[in-house]
Amino acid sequence: MNFLRGVMGGPSAGPQPSGADTIQKLCDRVASSTLLDDRRDAVRALKSLSKKYRLEVGIQAMEHLIHVLQTDRSDSEIIGYALDTLYNVISNDLEEEEQEENSAKQVDDLGSQFTEIFIKQQENVTLLLTLVEEFDFHVRWPGVKLLTSLLKQQGPQVQQIILVSPMGVSRLMDLLADSREVIRNDGVLLLQQLTKSNAAIQKIVAFENAFERLLDIITEEGNSDGGIVVEDCLLLLQNLLKNNNSNQNFFKEGSYIQRMKPWFEVGDDNCGWSAQKVTNLHLMLQLVRVLVSPTNPPGATSSCQKAMFHCGLLQQLCTILMATGVPADILTETINTVSEVIRGCQTNQDYFASVNAPSNPPRPAIVVLLMSMVNERQPFVLRCAVLYCFQCFLYKNQKGQGEIVSTLLPSTIDGNSVSAGQLLCGGLFSTDSLSNWCAAVALAHALQENATLKEQLLRVQLATSIGNPPVSLLQQCTNILSQGSKVQTRVGLLMLLCTWLSNCSIAVTHFLHNPANVPFLTGQIAENLGEEEQLVQGLCALLLGISIYYNDNSLENYRKEKLKQLIEKRIGRENFIEKLGFISKHELYSRAAQKPQPSFSSPDHMMFDHEFTKLVKELEGVISKAIYKSSEEDKKEEEVKKTLEQHDNIVTHYKKVIREQDQELEELKQRINTLTSQNEQLQATVTQQVSQIQQHKDQYNLLKVQLGKDTQHHNSHSDTFQMNGIQTEEVSKLKEELEEWKNKHELLQGQLREKDSVIEKLNSSQLEMGTTEQSSQTIKSAGLEHNSELQKELEMLRSQIQLQAAEISKLQMENQKLQVMNAAADPALGDSGATAATSSELEARLEQEIKELKSEVKALSEEKESLKQHLDSSSSTVAILQDEKSKLQREVAESKKEQDDLLVLLADQDQKISALKIKLKDLGVPVEDEDDIESGDQGDEDEDGDEDEQD
């Protein structure tokens with residue numbers, strides 16, 4: 001408490017204020033009184049004095065108040081008074097009158113110092129957390145306010161104490177479930193302070209179901225139409241999500257993005273928005289931007305963008321974008337939000353391109369936004385937002401870039417409606433320098449990393465005035481550049497030209513074809529101008545360096561060597577490099593390089609674009625090296641580049657051939673899979689038939705047992721003449737049927753032998769084939785597997801026929817038994833009168849059983865026919881497979897021959913490349929290894945696959 005002695009040291013010489021004695025007496029009563037009522041009254045009196053005599057109460061009473069919190073917890077009233085008193089001492093939320101009496105610095109000092117005293121003993125914070133758990137309103141509410149004040153004064157220290165306290169954060173989360181709105185709302189404010197800049201606490205709060213509770217509160221309060229409570233909940237959500245990838249992923253996986261859609265349901269009547277509604281909607285839009293910020297990991301941003309499209313959130317934002325009567329700041333923030341929701345996401349960009357404004361006739365939303373961007377009467381922040389939206393629409397969107405450039409080409413210009421390209425050209429050549437800069441940057445983004453469109457844009461012709469021939473867009477840009485317009489306009493045009501000419505030799509040739517361009521650039525670079533013109537000089541040096549680096553030497557007067565000599569004579573190499581370095585050293589360049597969104601404090605600071613800073617960083621070093629290279633080094637480098645391009649073309653061709661072969665292999669695999677499925681269906685049919693045969697066998701065995709019992713019972717009777725006569729006829733018919741079954745069995749066995757010979761031939765031919773490349777091995781193994789499956793099928797059929805043969809032999813044995821029974825029954829022919837009735841009954845039963853046997857035999861014969869048909873179809877399948885096998889063998893031989901030729905060619909190419917690389921290394925040129933090139937190719941293929949999946 002040395003610092004408190006210092007604070008009190010000033011007024012100690014004079015008489016103490018009258019309140020000091022009172023405070024001292026009250027403190028003594030709190031410390032020494034044995035009656036609870038006396039202590040309660042003393043604490044209540046200290047509370048009433050704590051605002052006016054904040055310093056004295058804090059110095060003398062804090063220790064006694066903490067002791068009350070520890071010992072008198074059974075009395076909620078005294079606990080409430082003590083907490084209120086501590087809050088008044090620690091909090092800096094003083095009334096205006098008190099602020100007049102105390103300086104602001106002293107107020108801040110007191111709150112921080114008293115907080116430091118309180119949290120010096122960590123048990124005090126733990127005690128406060130325990131009191132916050134109490135349900136009593138007079139304890140819980142002042143406890144929440146006191147803890148919030150502690151966090152405001154000494155946030156990191158209090159956060160650390162709460163973090164290590166058992167269930168500390170979980171106790172505070174219960175405040176959101178309190179039915180009393182005052183405590184719930186102050187609980188939200190407490191969690192705001194608790195979650196500031198502490199990722200660990202943010203994660204704990206998120207996993208304690210904070211998202212669900214906060215979204216429920218926002219819904220209960222009326223979403224954007226709600227009051228200050230909605231604002232507090234949104235600020236807490238921002239604390240939890242901003243720069244916290246774990247919580248962002250949890251928010252997305254919990255399907256909470258879908259619950260944000262009702263926030264943006266704005267009605268047709270948008271007049272008379274309250275200030276609170278504007279604030280709420282502004283925070284809601286910022287919360288969406290937190291989830292799709294370009295600074296987040298690309299994978300997390302992409303997944304959130306897709307979720308916002310699928311749940312209809314993007315569509316809702318576009319509705320606000322095109323609505324009327326929306327306040328200007330909300331419209332600006334909505335444009336920025338839509339920009340980041342569509343940035344780099346092809347699906348969202350395609351949807352945004354299809355959005356139309358509710359006008360007659362309907363116009364694309366992009367066109368309507370560009371109208372605002374090139375209109376100098378629109379607010380500056382709105383124009384910046386539209387530019388950012390256009391940039392995000394074209395980011396990694398070659399389809400959108402092509403659509404914008406196509407509106408400038410002569411074959412697609414529509415005279416009846418205004419297109420995006422016409423608006424950009426109009427802004428590029430208007431009298432407003434800000435419109436010139438915005439249009440130039442927007443057009444540069446339409447050409448970003450797209451060499452095809454850079455060449456197509458060379459075809460654009462502009463009619464400058466009536467009677468004069470049209471000039472190209474490139475020529476018109478250089479004409480305006482040479483006319484000495486404003487610095488902002490020239491910077492925008494130079495950025496456009498640098499983007500246009502980079503990595504496009506044809507555009508460089510068109511630029512150099514105009515004899516006035518190179519003298520203008522050298523003149524600008526050579527002059528000694530003021531600080532404002534240094535930026536233009538640096539950009540002119542960059543443009544001239546691009547014209548050298550990407551020059552294909554197609555113009556004799558402007559070959560690389562001659563341009564270097566020109567720089568050496570008129571500017572000087574060192575001076576040229578110094579002027580080139582003006583760009584990256586500029587303060588506005590550093591600001592633009594920080595983030596993609598163009599944010600400028602005033603229009604005068606609008607000089608650099610974020611993507612252009614990347615281009616400068618990429619080209620500054622290579623241009624500096626190119627200026628110092630000799631002509632021989634340039635020639636060698638050109639030869640190496642041509643050789644590498646040829647090699648790349650050959651490799652690309654071979655890759656294409658291999659892809660085609662892979663496609664053919666896939667088709668053959670599909671055919672094999674189809675045949676395999678057909679074979680499985682046939683096997684299932686055979687299995688079903690086998691089960692049916694087994695059922696018939698069981699039925700036959702039952703009939704046989706019944707027939708044997710009946711025969712044994714009636715052998716004791718002699719009068720069975722008519723029965724034996726009938727049995728003799730039936731037995732003869734059964735013999736005939738058995739003979740037929742034998743003949744059919746022999747035919748089927750012959751057919752099986754033929755199929756076995758075919759399969760053996762196929763196996764022998766498969767064994768004679770040598771091993772080829774991996775693709776032919778796959779086809780061969782598939783054919784062998786299919787042949788083995790056919791063999792299994794034939795073996796199953798053979799086993800079935802053997803079973804049927806065994807069944808036939810059983811029938812023959814039963815026939816012999818019947819003959820023996822007939823022979824045994826012949827001596828008893830004379831005694832027919834005694835058992836006539838019994839014989840007639842037995843005769844009827846035998847007739848019925850014989851009919852049933854006939855029907856079963858008939859069914860078995862039909863099943864035999866179906867099996868025969870199945871064998872025929874199997875034989876045809878084997879023939880088809882044999883033909884396909886021969887075709888595959890021919891294709892494998894051809895592919896092997898082609899691959900041998902390819903290997904020879906690739907070996908020659910590798911030898912040449914290695915020799916060239918050795919030469920390049922001797923010359924000091926950095927050369928990428930073959931593994932890096934292959935990994936780059938593989939990365940390109942992976943990126944292509946990802947884009948296909950997104951489409």
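The structure displayed is predicted, hence computed values, not measured ones.

Draft legend 1. Focus on the overall build of the chain. A tally of regular secondary structure across the chain gives 42 helices and four strands. Residues classed as buried in the chain amount to 46% of the 951 residues present. Contacts in the chain between residues far apart in sequence, at least 24 positions, make up 75% of those at least 6 positions apart. Summing over all exposed atoms, the chain offers an accessible surface of approximately 48,500 Å²; the carbon and sulfur share of this is 50%.

Draft legend 2. Up close: the pattern of salt bridges. As enumerated under the stated definition, the model contains 24 salt bridges in all. Close ionic contact of Arg40 with Asp37 constitutes a salt bridge, the shortest N to O distance being 2.8 Å. With Arg40 and Asp37 both in helix H3 (residues 36-49) and three residues apart, this pair spans about one turn of that helix. We classify Asp37 as partly exposed; its relative accessible area is 46%. Put simply, Arg180 and Asp178 hold a salt bridge, and the shortest N to O gap is 3.0 Å. Per residue, the accessibility class of Arg180 equals that of Asp178, and both read buried.

Draft legend 3. Spatial organisation of the packing of aromatic side chains. Counting across every chain of the model gives 13 aromatic pairs. Note on Phe211 and Phe250: the rings are 5.9 Å apart at their centroids and 35° apart in plane angle, and the pair reads as tilted. Within this pair, whereas Phe211 is found in helix H14 (residues 210-220), its partner Phe250 is found in helix H16 (residues 245-253), the two being separated by 39 residues in sequence. According to the relative accessible area criterion, Phe211 is buried, its value standing at 1%. Here Phe250 falls in the partly exposed class, since its relative accessible area comes to 25%. The structure contains a cluster of three or more aromatic residues connected by ring pairs, namely Phe207, Phe211, Phe250, Phe251 and Tyr256.

Draft legend 4. Examining the packing of helix H19 (residues 313-322) against helix H20 (residues 328-342) more closely. Direction vectors running N to C along H19 and H20 enclose 145°, while the axes themselves pass 9 Å from each other. At the point where H19 passes H20, the crossing takes the left-handed sense. Along its contact with H19, which presents Leu314, Leu317, Ile320 and Leu321, the element H20 presents Leu331, Thr334, Ile335, Thr337, Val338, Val341 and Ile342. For the contact of H19 with H20, the class distribution of residues is nine nonpolar, two polar and no charged.

Draft legend 5. Layout of the side chain of Asn244. Here Asn244 is to be found in the loop between helix H15 (228-241) and H16. Overall, Asn244 belongs to the buried group, its relative accessible area being 3%.

Draft legend 6. Representation of helix H13 (residues 199-207) within the structure. When we look at burial in H13, the residues that qualify are Ile201, Gln202, Val205 and Ala206. Considered in projection along H13, the buried side chains sweep an arc of 135° and stay on one side of the axis. Structurally, H13 contributes buried residues whose contacts are with helix H10 (155-164), helix H11 (168-173), helix H12 (181-194), H14, H15 and H16. In this structure Asn198 caps H13, since a side-chain oxygen of it lies 3.3 Å from the backbone nitrogen of Ala200. Immediately beyond the C-terminal end of H13, within one or two residues, lies Asn209, with a positive phi of roughly 70°.

Draft legend 7. View of the environment of Asp174. By the element assignment, Asp174 lies in the loop between H11 and H12. The exposure class assigned to Asp174 is partly exposed, which follows from its relative accessible area of 39%. In sequence terms Asp174 and Val132 are 42 residues apart; their C-alpha atoms lie 9.6 Å from each other. If sequence neighbours within four positions are ignored, Asp174 has contacts with Arg140 and Arg213.

Draft legend 8. Local environment of a negative patch on the surface. Taken together, the side chains of Glu660, Glu664, Glu667, Glu891, Glu894, Glu898, Asp900 and Asp901 make up a negatively charged region of the molecular surface. Among the elements of the structure, helix H38 (631-714) and helix H41 (836-923) are those that each provide at least two residues to the negative patch. A per-element tally of the negative patch places H41 first, with five residues. Summarising the element assignment, Asp900 is placed in helix H41.

Draft legend 9. Representation of the environment of Pro362. With respect to the helices and strands, Pro362 occurs in the loop between strand S1 (356-357) and strand S2 (363-364). If sequence neighbours within four positions are ignored, Pro362 has contacts with Asn356 and Ala357.

Draft legend 10. Region of the structure containing the side chain of Gln661. Structurally, Gln661 is set in helix H38. When near neighbours in sequence (up to four residues on either side) are disregarded, Gln661 contacts Ser895, Glu898 and Gln899.

Draft legend 11. Structural detail: the packing of H20 against helix H21 (residues 346-354). At their nearest, the axes of H20 and H21 sit 8 Å apart, and the two run at 135° to each other. Judged by the inter-axis angle, H20 sits oblique to H21. Along its contact with H20, which presents Val338, Val341 and Ile342, the element H21 presents Asn348, Gln349 and Phe352. Of the residues belonging to the contact of H20 with H21, the class tally is four nonpolar, two polar and no charged.

What counts as what
- Residues numbered from 1 in each chain as written.
- Predicted model: local features only at pLDDT ≥ 70, side-chain atom pairs only at ≥ 80, totals over all residues.
- Heavy atoms only, no water.
- Helix = DSSP H or I, 4+ residues; strand = E, 2+ residues; numbered from the N terminus.
- Buried < 20%, exposed > 50% of the residue type's maximum accessible area, 1.4 Å probe, protein only.
- Contact = heavy atoms within 4.5 Å.
- Areas by Shrake-Rupley, 256 points an atom, 1.4 Å probe, with all protein chains shown as cover.
- Salt bridge = Lys/Arg side-chain N within 4 Å of Asp/Glu carboxyl O.
- Phe/Tyr/Trp six-rings, centres within 6.5 Å; stacked < 30°, edge-to-face > 60°.
- Axes fitted to C-alpha atoms, helices over the stretch in contact; angles between N-to-C directions.
- Left-handed = near helix turned anticlockwise from the far one by under 90°.
- Nonpolar A, V, L, I, M, F, W, Y, C, P; charged D, E, K, R; others polar.
- Arc of directions from axis to C-beta.
- Polar contact = N/O pair within 3.5 Å; in protein donor to acceptor, adjacent residues only side chain to side chain.
- Patch = residues over 30% accessible without salt bridge, like charges linked within 9 Å, V, L, I, M, F, W, Y side chains within 5 Å.
- Lys, Arg positive; Asp, Glu negative; His and termini not counted.
- Charge placed at Lys NZ, Arg CZ, Asp CG, Glu CD.
- Parallel < 35°, antiparallel > 145°, perpendicular 65-115°, else oblique.

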